[in-house]
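Spelled out from the first residue to the last, the chains are:
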Amino acid sequence: MNIQDRTSAGETFARLDPPPAVADAPGREPAARPAPPLPQGQSGGGAGKVLLFLLLAAGAGLLSYWYVIPAPVAYYTVQPRLMSLEINGPGLLDAINRVVVTSRIQGFLKEVAVDRNDKVTRGQVLARLESADLQNQVAAAQAEATAAERSVAEIESDRNRAAALYDRTRIELGRQTTLVRLNATSQAQVTTAEAAFKQAEADVNRASAAIERAKAQAASQAANVKVLQARLADATITAPLDGVVIARERNPGDLLLPGAKLMEVVDVTTIIVSARFDESARSAIRPGQSAKIRFASDPSRTWTGRVLRLSRQVDQETREFTVDITLNALPEDWAMGQRVNVAVQAQSPAMVIGLPEDLITRRDGRAGVWVNHDGRAVWTPVALGYASGNDIAIANGLAAGDVVLPPQGRYSYQPITLARELSTTGAPR
């Protein structure tokens, strides 16, 4: 009831008029007849004045009670503080280590050793390709590598013979040179010895070059063997990590092309929730903050986790960024891509004014609070910010030091006295 309603109460009682007389009608009791006139010298005006005086006195008493006598009330003193925030956002179940298993070579699938939901360990055989052709290629390459090594050995033998001939011709050239100085031989003998020496030297150099060429060919053949052996090993596809098979796309007999998806394996220990939040919440979310997770498949149950990291990119269309959240435990029926709702337990990045929710009231759709103004209760409109549990941030309308009153029993300009202070939870201190 506002002040206009209260102040008009006495006037309402004073304006009460007697009901009009009702005319006689058939089938009804005759209406009351007017009272006979009073004897001369007497009048009914005195009784009316007394009644009017009593009504006025009652109205004045009510007004005194409503607007003069103060009522003791609890109060809440507004002070800026750091508020806990519960920042909500949608998310999907994902994993950090999530590998798509493919083949590096082309071939027909001979065997698929695992299926969906199977647990696998690193190095475990997942599938095999037909590899008979590769095995034959490896055998041929190994034979060629062996032949190249033997060729190197043969050419080394030829070089050894050329080296021996080189030594003999060198000695003979030295002997003939000495003899010609002693006039014991002719210059023609020296020339012949010199030509034989140069020929032997050329044969040694040619044999050395042939050895290097043969060694290079042998190395090439050995490398080709390794390449084919690696391709043969690629025909056996193994698990890249410990995890669970969450998808299988191919069956034995299918032609598997390089890069085509065979199956998908997830490391269960790296499963996370990838949540999305509006960019305005970025300054409030930090790694290590606790979070509550509810799966769309079981919204009645709450799971806990912690913020792992924040992405460094904001979507240009939605203006959202992603946050990776680790889970303390996984539901037994987890599945990649499950929808979840995440509530991060954060803290306001700056001091804000917050009130317990039960101190907020509404008038004509507008939010407001009852504030103490010089011992009177006055309703003041406010602009609300974010909600956090039982608290609501006040964006505008209140300042530090304002005294807010509980809305129960309040009316405009009610006289009050402050009795007990309420805590931030709305309970008495």
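Everything quoted here is computed from the prediction, not taken from an experiment.

1. Things to note about the overall build of the protein chain
Logical step 1: When helices and strands are counted, the protein chain shows 5 helices and 23 strands.
Logical step 2: Relative to its 429 residues, the protein chain shows a buried fraction of 33%.
Logical step 3: Contacts in the protein chain between residues far apart in sequence, at least 24 positions, make up 74% of those at least 6 positions apart.
Logical step 4: Of the roughly 26100 Å² of accessible surface on the protein chain, 52% is carried by carbon and sulfur atoms.

2. Structural notes on a nonpolar patch on the surface
Logical step 1: Taken together, the side chains of F108, L255 and L257 define a hydrophobic patch exposed on the protein surface, amounting to about 270 Å² of accessible area.
Logical step 2: Residue placement: F108 occurs in strand β4 (residues 107-112).

3. Considerations on the pairing of strand β20 (residues 383-388)
Logical step 1: As paired elements, β20 and strand β21 (residues 391-396) share 4 bridges and run antiparallel to each other. Across the sheet, L384 pairs through a bridge with I394, a residue of β21.
Logical step 2: With antiparallel pairing between neighbouring strands as the criterion, β20 and β21 make up a hairpin whose turn holds 2 residues, including G389 at a positive phi of roughly 60°.

4. Thoughts on helix α4 (residues 132-181)
Logical step 1: Taking 1.5 Å as the rise per residue, α4 with 50 residues should run 74 Å; its terminal C-alpha atoms sit 74 Å apart, in good agreement.
Logical step 2: For α4, the full list of buried residues reads L134, V138, A141, A145, A148, V152, I155, A162, T169, L173 and Q176.
Logical step 3: The secondary structure elements touched by the buried residues of α4 are α5 (187-234).
Logical step 4: Immediately downstream of α4, the backbone of N183 shows phi near 60°, a positive value.

5. Here's the deal with the pairing of strand β14 (residues 320-327)
Logical step 1: In this structure, strand β11 (residues 271-278) lies alongside β14, joined through 7 bridges in antiparallel fashion. By the bridge assignment for β14, I272 is matched with T326.
Logical step 2: Taken together, strand β13 (residues 298-314) and the strand that follows it, β14, pair antiparallel across an intervening segment of 5 residues, in which R319 is found at a positive phi of about 60°.

6. A word on the packing of aromatic side chains
Logical step 1: Going through the model one piece at a time under the given rule, you end up with 3 aromatic pairs.
Logical step 2: Taking the centre distance of 5.0 Å and the plane angle of 35° together, the rings of Y166 and F197 count as tilted. Taken together, the positions of Y166 in helix α4 and F197 in helix α5 put the pair 31 residues apart, joining distant regions of the chain.
Logical step 3: For F197, a relative accessible area of 14% translates into the label buried.
Logical step 4: Ring plane angle 90° and centroid distance 6.4 Å describe the contact between F295 and W303, whose orientation is recorded as edge-to-face.
Logical step 5: Classification of F295 by relative accessible area gives buried; the value is 3%.
Logical step 6: When the ring centre of F321 is taken as reference, the NZ or CZ atom of R282 above it lies at 5.0 Å.

Parameters at a glance
Residues numbered from 1 in each chain as written. Predicted model: local features only at pLDDT ≥ 70, side-chain atom pairs only at ≥ 80, totals over all residues. Heavy atoms only, no water. Helix = DSSP H or I, 4+ residues; strand = E, 2+ residues; numbered from the N terminus. Buried < 20%, exposed > 50% of the residue type's maximum accessible area, 1.4 Å probe, protein only. Contact = heavy atoms within 4.5 Å. Areas by Shrake-Rupley, 256 points an atom, 1.4 Å probe, with all protein chains shown as cover. Patch = residues over 30% accessible without salt bridge, like charges linked within 9 Å, V, L, I, M, F, W, Y side chains within 5 Å. Salt bridge = Lys/Arg side-chain N within 4 Å of Asp/Glu carboxyl O. Pairing = 2+ DSSP bridges. Expected span 1.5 Å × (residues − 1). Phe/Tyr/Trp six-rings, centres within 6.5 Å; stacked < 30°, edge-to-face > 60°. Lys NZ or Arg CZ within 6 Å of the ring centre and 35° of its normal.

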